[in-house]
Every structure is written in C-alpha cells, then in structure tokens.
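Residue strings, one per chain:
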Amino acid sequence: MTAPSTRARLLAVPLTACLTLGAAAWTPAAAAAATAATSAQPGPAAARAASAPSAPTAATAADVRLELPRPTGPHPVGRDILYLVDHSRKDPWVPDSGPRRLMVSMYYPARSATGAPAPYMTTAEAASLLRRKAPGVELPPETVSGTRTYASSGAAPEHGRHPLVVLSPGLGLPRASLTFLAEDLASRGYVVALVDHAYESSGTTLPDGRTITCAPLCVQPKPPEGGQATITRNRAKDIAFVLDELTGRHPAWKNARVIAPRRIGMAGHSLGGDAAAATMVVGRRVRAGVNLDGTFHPAVALGRPFLLLGSKADHVPGKDDTWDAAWREMSGWKRWLTMDRTDHVSFTDLSLLQNAVGRSGPDALSPLRSLELTRAYVGAFFDLHLKGRKQPLLDGPSPANPEVAFHNP
C-alpha cells in the first residue's frame, strides 16, 4: 500500500484518514490527527501546520489569483448542475439524513461560449476546503471559490451525440478538484459528469444552501465495516445511479440527448480511481477506465481497457502492491504510466493552490506541467477507446514528455 506519509503531502496537512482508510493506514494516531485537523482547538495537526513552509501573510494572500489552465480542445465548454436523489437507498454514512443525494456538474461541448462564467465552487465549499485541508493558510475563501474557469453556465450544447466520461474525486476532496480535467475533456468533445459523493467531500453545498462535509468518514475513530472497499462499493452504486439518471428513458438532465449511451468511460483520482475499476467490475456500461494515483481495494480483474497513471514516488512497480496485483489480473488493453517529480495532489486542481501558497516541494514538477500531462494522456486514452482514434502517445515513451515513464512488469 502507498505510504501514508506521501498521502499526507496535500497542502502539508495530514490527510491519511481521508485518503487512505485501509486497515494498515488507520491507527489511533491517524484518527487523532484527523480529528485535530478538523478542530478549531490547537493540537498536533496545528503544530505540524505551524512547522510547514510559511503561508502567505494577509497582505500577500490578497495578491493570490488562481486560474485553471485553458482547455486544449476546439469546443467552447458549457456546464449545468444536477441534484440527484436516489430514493432507493438511504445514505450509507448518515442514514438519518434520508436518501442518497449526489451533486453532479455536467460539462459538455457547447455551440458558443455564451452564458455566465461557471463558478469554481461555492464560497462555503471553499471555506470548508481551506479549513480542513489547509489550516494556517491565510487565504480568503473567495479567492478559491473565484478560481478562473473556462466553462459557461447554461450554454447551448453542440449538436450531435458525444461520449460520456464520469469523473470521481478522491476521498475528502470536492468534485471541483477535477475541474481541470472535466473542462478539457468537454472541450475535446466529451460530455462529463463530475460527481460529488455526499459526506465524502471536504464540502458539498446542497440546493437548500446547506454545506455538508465528510466528517463522518474523516474523523470517526475507525473505518466503516469492510474498510475502504466498503466506500468504493458504495461509489460504484452512486455511479450506476448517475448513469441511470443520465441515460434512462426519462433522463434527469435536460441535455441528455447529446450523450452517446454506448460510449461511456470513467476516470477518478485516488479512491475515485479505485471506484472506476469497481464500477467496471459490477457492470458493463463503462467501456474504459482510468485510475489517477489511487490504491485498489481490492485489486480487480478487468478485461476492458484500463489506464494506470500515478506518481513515480508511489506507483512504480513494487511500490503499491495493489497496482502490481491489478496489472497481473487485467486481460484487456492496459497501460501503466508514472510521472516524475509529482505527488498525490499533482493530478488535481489543488496542485495550483498548493503552489500558490508556497507548499510545493522544491523539486516538484510545476502544476501546469503535471496537469498538462494528465490531460494529454487521459484524453488520448478516451480518444482511442471511446472514439476509435489512433493515439501514438500511448504507444511508448515520448522524447517530448520525459517526465512520463511506461511500465510493463
């Protein structure tokens, strides 16, 4: 299993409890660290944050401007927000809250860039993200919620039908953390469903204005029965429900007519990558999947295309035994790639925030480069398997991308 200390690099705060809930990683010390990280009282987490690289002062924080990289495809990007309620299931983490609820951001190729700019996240979501993932960073939540995006709310969709890609974030991270990838895929001609799983995010604002957090999973003294595999299985149920709502006879999305229901892929970061594989195991609708730096719980056998893309520090052969085991069990098209000088957050938007507040490692790959490479390889993978377009980028190492290594143990 990937070392918990590496998982904890996100903004230099202890994320072990939120990102690796496996039995080997969950200890009383880890639980105490998670509780301290979400508490307003001083404690071990606060002490570690104080010893981390200095955050910007109030004066310099006002100068921070966050902007996602511009999408690389030819299409303008539109975005809608869906609120989906699965009345067939109670919420597995907070049963008293009622049925399972999911917030989904739908990105799609648009006819033109008309409409209001799509907000990155709500201010309440940004405040919760900073409080839980970056204690000690003196940054106004409006700076994070105001991150420059490239999608337009309510823009008219491009004509025709387009492949659908579902994106699932890491445990404890908001769906917005994969906006860089969602916007880029939409610009390349994909419909993208970016899912927030209730009570598994640093903050999810519901239509009634309340913002719920991942407190039940991130601060409880022990993982749910069955460990992280239980969370992954529940995510697979979430994704099945989302696909039903998008491709069924009475779709929940007003623009569902633009989805090509037989060309569906899925990608996820961390536990979201694990969920991509789990979703493919329990159903046939997802034709191709991607795991971005996530441990499998457990390793899975797949006969459909799958891409492993992770950090060199954690995911070269022999570093994460679940990748080694999964690789041996995969009988379909497969690639195992690692990126040099990256960590767990390098495959998310939060690498931009980490860099902006001075908490990237001295030899870290720049976030713009790591996000560029992630977009390129994930986009090429789906172009090959959902659009049938040849992709030499996936055939082997490229002199243009020396940071990316191919493995075939």
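Since the structure is predicted, the reported quantities are computational estimates derived from the model, not experimental observations.

Enquirer: Go over the overall build of the chain, please, and point to the residues and values.
Expert: Within the chain one finds 15 helices and 13 strands. Relative to its 409 residues, the chain shows a buried fraction of 60%. Split by element, the accessible area of the chain, about 15500 Å² in all, is 54% carbon and sulfur.

Enquirer: Any chance you could break down the layout of surface pockets for me, citing the residues and the numbers?
Expert: In this structure, the second largest pocket occupies an estimated 230 Å³ of space. In terms of lining, the second largest pocket is formed by 19 residues, of which the most central are Ile 81, Met 121, Thr 122, Glu 125 and Arg 175. Listing elements by their share of the lining of the second largest pocket, those giving two or more residues are β1 (77-90), β2 (99-109) and β6 (191-197). Per-element accounting of the lining of the second largest pocket gives the leading share, three residues, to β2. Taken together, the residues of the lining of the second largest pocket sort by class into 11 nonpolar, four polar and four charged.

Enquirer: Lay out helix α15 (residues 367-387) in plain terms, naming residues and giving numbers.
Expert: If you check α15, its first and last C-alpha atoms are 28 Å apart, about what 21 residues at 1.5 Å a residue would give, namely 30 Å. Burial analysis of α15 places 16 of its 21 residues in the buried class, which makes it a mostly covered element. Within two residues after α15, Gly 388 carries a phi angle of roughly 70°, on the positive side.

Enquirer: How would you explain the packing of aromatic side chains if you had to name every residue and give the values?
Expert: What describes a pair of aromatic rings is the distance from one ring centre to the other and the angle between the planes of the rings. The tally for this structure, following the rule as stated, stands at seven aromatic pairs. Aromatic pair Phe 296 and Phe 306: ring centres 6.2 Å apart, planes at 50°, arrangement tilted. Separated by 10 residues along the polypeptide, Phe 296 in the loop between β10 (286-292) and β11 (306-311) and Phe 306 in strand β11 bring together distant segments of the chain. Of the two residues, Phe 296 and Phe 306, both sit in the buried class.

Enquirer: How would you explain the packing of helix α10 (residues 228-247) against helix α11 (residues 271-282) if you had to name every residue and give the values?
Expert: Where α10 contacts α11, the axes come no closer than 8 Å and their chain directions differ by 65°. Here α10 and α11 pass one another in a crossing that is right-handed. Together, Gln 228, Ile 231, Thr 232, Arg 235, Ala 236 and Ile 239 of α10 and Leu 271, Gly 272, Asp 274, Ala 275, Ala 278, Thr 279 and Val 282 of α11 make up the contact between the two elements.

Enquirer: Kindly report on unusual backbone geometry, identifying the contributing residues and their values.
Expert: A cis geometry characterises the amide bond from His 297 onward to Pro 298, with omega recorded as -10°. By the element assignment, Pro 298 lies in the loop between β10 and β11. Phi at Tyr 199 takes a positive value of approximately 65°, unusual for a residue other than glycine. Mapped onto the elements of the fold, Tyr 199 is located in the loop between β6 and β7 (204-205).

Enquirer: Outline the pattern of salt bridges, listing residues and values.
Expert: In the structure shown here, the tally under the stated rule is 13 salt bridges. Asp 244 is the salt-bridge partner of Arg 285, the closest N and O atoms lying 2.8 Å from each other. You can see Arg 285 sitting in the loop between α11 and β10 and its partner Asp 244 sitting in helix α10, a full 41 residues away along the chain. Residues Glu 372 and Arg 369 are paired through a salt bridge, measuring 2.9 Å at the closest nitrogen-oxygen approach. Here Glu 372 and its partner Arg 369 are both found in helix α15, three residues apart, which amounts to about one turn of the helix. Here Glu 372 falls in the partly exposed class, since its relative accessible area comes to 44%. Each of Asp 86, Arg 89, Asp 91, Arg 100, Glu 200, Arg 235 and Asp 238 takes part in salt bridges that share partners, so that together they form one network.

Enquirer: Break down the nonpolar core for me, with residues and values.
Expert: Counting 54 residues, the largest nonpolar core has Tyr 107, Leu 139, Val 144, Leu 167, Val 290 and Phe 382 as the members making the most contacts within it. No other element matches the eight residues that α15 contributes to this core. Here Val 290 is in contact with Met 266, Ala 267, Gly 268, Gly 273, Ala 276, Phe 306, Leu 307, Val 378, Phe 381 and Phe 382, once residues within four sequence places are set aside. Leu 84, Ala 193, Ala 276 and Met 280 belong to the second-largest nonpolar core, a separate cluster that totals 39 residues.

Enquirer: Before we move on, can you summarise the environment of Phe 382 with the specific residues and values?
Expert: Within the secondary structure, Phe 382 sits in helix α15. Remark: the alpha-carbon pair of Phe 382 and Val 165, spanning 217 residues in sequence, is separated by 8.5 Å. Leave out the neighbours within four places in its chain, and Phe 382 touches Val 165, Leu 185, Tyr 190, Gly 265, Met 266, Ala 267, Ala 288, Val 290 and Lys 387.

Enquirer: Account for empty space enclosed by the protein, naming residues and giving values.
Expert: This model, assessed by the stated rule, comprises three cavities of 30 Å³ or more. The wall of the second largest cavity is formed by Leu 66, Leu 68, Tyr 120, Leu 129, Val 144, Thr 147, Asp 349, Leu 350, Leu 352 and Leu 353. Counting residues per element, the lining of the second largest cavity draws most heavily on helix α14 (residues 350-356), which supplies three residues.

Enquirer: Let's hear about the sheet that holds β1: which residues, and what values?
Expert: Taking strand neighbours across the sheet as the criterion, the 11 strands line up as β3-β4-β1-β2-β6-β5-β9-β10-β11-β12-β13 in an open arrangement whose pairing is mixed. Strands at the two margins of the open sheet, each flanked by one partner only, are β3 (116-117) and β13 (404-407). Where β3 lies against strand β4 (residues 151-153), two bridges are found, and the strand directions are antiparallel. Its bridge partner being in β4, Pro 117 is matched across the sheet by Ser 152. Docked against the sheet, α11 engages β5 (162-168), β9 (259-269), β10 and β11, running at close to 155° with respect to β10. Where α15 meets the sheet, its contacts fall on β5, β9, β10, β11, β12 (334-339) and β13, and the angle it forms with β10 comes to roughly 165°.

Enquirer: Residues and numbers for the packing of helix α8 (residues 179-187) against α15, please.
Expert: At their nearest, the axes of α8 and α15 sit 10 Å apart, and the two run at 45° to each other. Judged by the inter-axis angle, α8 sits oblique to α15. By crossing handedness, the relation of α8 to α15 is classed as right-handed. For the pair α8 and α15, the contacting residues are Phe 180, Leu 181, Asp 184 and Leu 185 in the first and Leu 371, Thr 374, Arg 375, Val 378, Gly 379 and Phe 382 in the second. Broken down by class, the residue content of the contact of α8 with α15 amounts to six nonpolar, two polar and two charged.

Reading guide: rules and limits
- Residues numbered from 1 in each chain as written.
- Predicted model: local features only at pLDDT ≥ 70, side-chain atom pairs only at ≥ 80, totals over all residues.
- Heavy atoms only, no water.
- Helix = DSSP H or I, 4+ residues; strand = E, 2+ residues; numbered from the N terminus.
- Buried < 20%, exposed > 50% of the residue type's maximum accessible area, 1.4 Å probe, protein only.
- Areas by Shrake-Rupley, 256 points an atom, 1.4 Å probe, with all protein chains shown as cover.
- 1 Å grid on protein atoms, 1.4 Å probe; cavity = no way out; pocket = protein on both sides within 12 Å on 5 of 7 lines; lining within 4 Å.
- Points joined across faces, edges and corners; volume = space filled by probe spheres on them.
- Nonpolar A, V, L, I, M, F, W, Y, C, P; charged D, E, K, R; others polar.
- Expected span 1.5 Å × (residues − 1).
- Phe/Tyr/Trp six-rings, centres within 6.5 Å; stacked < 30°, edge-to-face > 60°.
- Axes fitted to C-alpha atoms, helices over the stretch in contact; angles between N-to-C directions.
- Left-handed = near helix turned anticlockwise from the far one by under 90°.
- Contact = heavy atoms within 4.5 Å.
- Salt bridge = Lys/Arg side-chain N within 4 Å of Asp/Glu carboxyl O.
- Core = buried A, V, L, I, M, F, W, Y, C linked by side-chain atoms within 4.5 Å.
- Pairing = 2+ DSSP bridges.
- Parallel < 35°, antiparallel > 145°, perpendicular 65-115°, else oblique.

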